Amino acid sequence: MTKELDWSNLAFGYIPTDYNVRCRFADGKWGPIEVSQSEYIDMHIAATCLHYGQEVFEGLKAFRGADGKIRVFRLEENARRIRQSAIGIKMEPVPEEIFAEMVKKVVKLNERFVPPYGSGASLYIRPIEIGMSAQIGVHPSSEYLFMILVTPVGPYFKEGFRPTNICIMREFDRVAPKGTGRWKVGGNYAASMEAGEKAHELGYSAVLYLDPKEKKYIDECGPANFFAVKDGVYITPASESILPSVTNNSLMTLAEDMGIKVERRHIPVEELAEIQEAAACGTAAVASPVAEIHDLDLDVKYIVAKDGEPGPVTTSLYNRLRAIQLGEEPDTHGWNTIID
Ligand SMILES: *Cc1c(COP(=O)(O)O)cnc(C)c1O
């Protein structure tokens, strides 16, 4: 059956796999890890996730390496982050050991869906936790379901690693200044959909959000972090309303390994006129290079990729990270978990 999958042409969509794994929190404790073949959840119509958005999630990937082994990238970081997200919206945090065990289990069980080396495709891993208690009063649930589904996804850059245009629109914020931006909660995505769709209609790949308090500094780039290269320095926003991206963190480490200076600081919008490279970064694409940034309200265009090509720093960081994920280069930071 998997022979029929055209790995290199898979979309970032949902393709059913054989199993998902689940774990329930009730009566003050986490239960056993369950393996399920169902794609559905049986839940109460008054569950808190449905009414009050008690939902947090993660996204990470498994890759088939050059040596045929399956590697999952930095799962400990996602285990830590989903706990922070859960605590942030008063949900029961999943113990990191349970998270790790479930990731390994669900990948192993769906091994035949891990795309072959060289296809550019990977197995996307989606952990999600939801509040399950039936209640109408607004207070945290006492029961939770944590589950992980996996689905194979195609290469992000089907037409090659090419820069795209993004835009700044001041009429929308994804998150509040001291709100939920630092956590991976579904509600942030709901709040970003209108702006995202509007940007797509106008031909942009994403919205470059400004900080929601002063609208002076660069914040996030759609559902991804933003970095730029200015005079050889890797700069990325320091902000309490952005999600700490595992990819951004990894790229910063690789940049330092390569002798590139890294600055995490406020980046005023006007500074976009002085950068030579920019990219959105996250698990889906690793780094998605930016060609131009159009400030729609001020009618200013920042031409980042002057020749329309991805810049040298972005390209080498992208290649380094991909090579580590695929086992082509030594994993000197111990980022990969091999599934055997
Ligand atoms: C998931 C996510 C990212 C990217 O994080 P990675 O760990 O690199 O995948 C960035 N911003 C937001 C808002 C996100 O939800």
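Shown above is the structure to which this text applies.
Residues numbered from 1 in each chain as written. Predicted model: local features only at pLDDT ≥ 70, side-chain atom pairs only at ≥ 80, totals over all residues. Heavy atoms only, no water.

### With respect to the pattern of salt bridges
Line of reasoning, step 1. Summed over the entire model, instances satisfying the criterion amount to 21 salt bridges.
Line of reasoning, step 2. Its salt-bridge partner being Glu263, residue Lys261 comes within 3.1 Å of it at the nearest N-O pair.
Line of reasoning, step 3. Here Glu263 ties to Arg265 by a salt bridge, and the two come within 2.7 Å at their closest N and O atoms.
Line of reasoning, step 4. Residue class for Glu263 comes out partly exposed when judged on its relative accessible area of 22%.
Line of reasoning, step 5. Salt bridges here are not isolated pairs; linked through shared partners, they connect Lys230, Lys261, Glu263, Arg265, Glu271 and Glu274. (Salt bridge = Lys/Arg side-chain N within 4 Å of Asp/Glu carboxyl O. Buried < 20%, exposed > 50% of the residue type's maximum accessible area, 1.4 Å probe, protein only.)

### Some details on the site of the ligand
Line of reasoning, step 1. Lining the immediate environment of the ligand, one finds 14 residues, of which Lys184, Tyr189, Ser245, Thr247 and Thr283 sit closest.
Line of reasoning, step 2. Measuring from an oxygen atom of the ligand, one finds a side-chain N or O atom of Thr247 at 2.6 Å.
Line of reasoning, step 3. With respect to the ligand, the side chain of Thr283 contributes an N or O atom lying 2.5 Å from an oxygen atom.
Line of reasoning, step 4. Protein contacts shield 95% of the accessible area of the ligand, which totals 380 Å² for the unbound molecule.
Line of reasoning, step 5. Grouping the amino acids of the shell around the ligand by side-chain chemistry returns five nonpolar, five polar and four charged. (Near = heavy atom within 4 Å. Polar contact = N/O pair within 3.5 Å; in protein donor to acceptor, adjacent residues only side chain to side chain. Areas by Shrake-Rupley, 256 points an atom, 1.4 Å probe, with all protein chains shown as cover. Nonpolar A, V, L, I, M, F, W, Y, C, P; charged D, E, K, R; others polar.)

### A closer look at the side chain of Glu58
Line of reasoning, step 1. Along the chain, the position of Glu58 falls in the loop between strand S4 (55-57) and strand S5 (60-64).
Line of reasoning, step 2. Of the residues examined, Glu58 reaches a relative accessible area of 0% and is grouped as buried.
Line of reasoning, step 3. Sequence-distant contacts of Glu58, that is, excluding residues within four places in its chain, are made with Asn78, Arg81, Ile82, Tyr124, Ile125, Arg126, Pro127 and Lys184. (Helix = DSSP H or I, 4+ residues; strand = E, 2+ residues; numbered from the N terminus. Contact = heavy atoms within 4.5 Å.)

### Side note on the environment of Tyr156
Line of reasoning, step 1. With respect to the secondary-structure elements, Tyr156 resides in the loop between strand S8 (144-153) and strand S9 (164-168).
Line of reasoning, step 2. Since its relative accessible area comes to 46%, Tyr156 is described here as partly exposed.
Line of reasoning, step 3. Excluding residues that lie within four positions of it along the chain, Tyr156 makes contacts with Ala284, Ala285 and Ser288.

### Topic: the side chain of Glu220
Line of reasoning, step 1. Considering the arrangement of structural elements, one finds Glu220 in strand S11 (residues 218-221).
Line of reasoning, step 2. Of note is the side chain of Glu220, whose polar atom sits 2.7 Å from the side chain of Asn225.
Line of reasoning, step 3. A polar atom in the side chain of Glu220 sits 3.3 Å from the backbone nitrogen of Leu243.
Line of reasoning, step 4. Once residues within four sequence positions are removed from consideration, Glu220 is found in contact with Arg174, Val207, Leu208, Tyr209, Asn225, Ser241, Ile242 and Leu243.

Without other data, these values stay purely geometric and don't point to any function.
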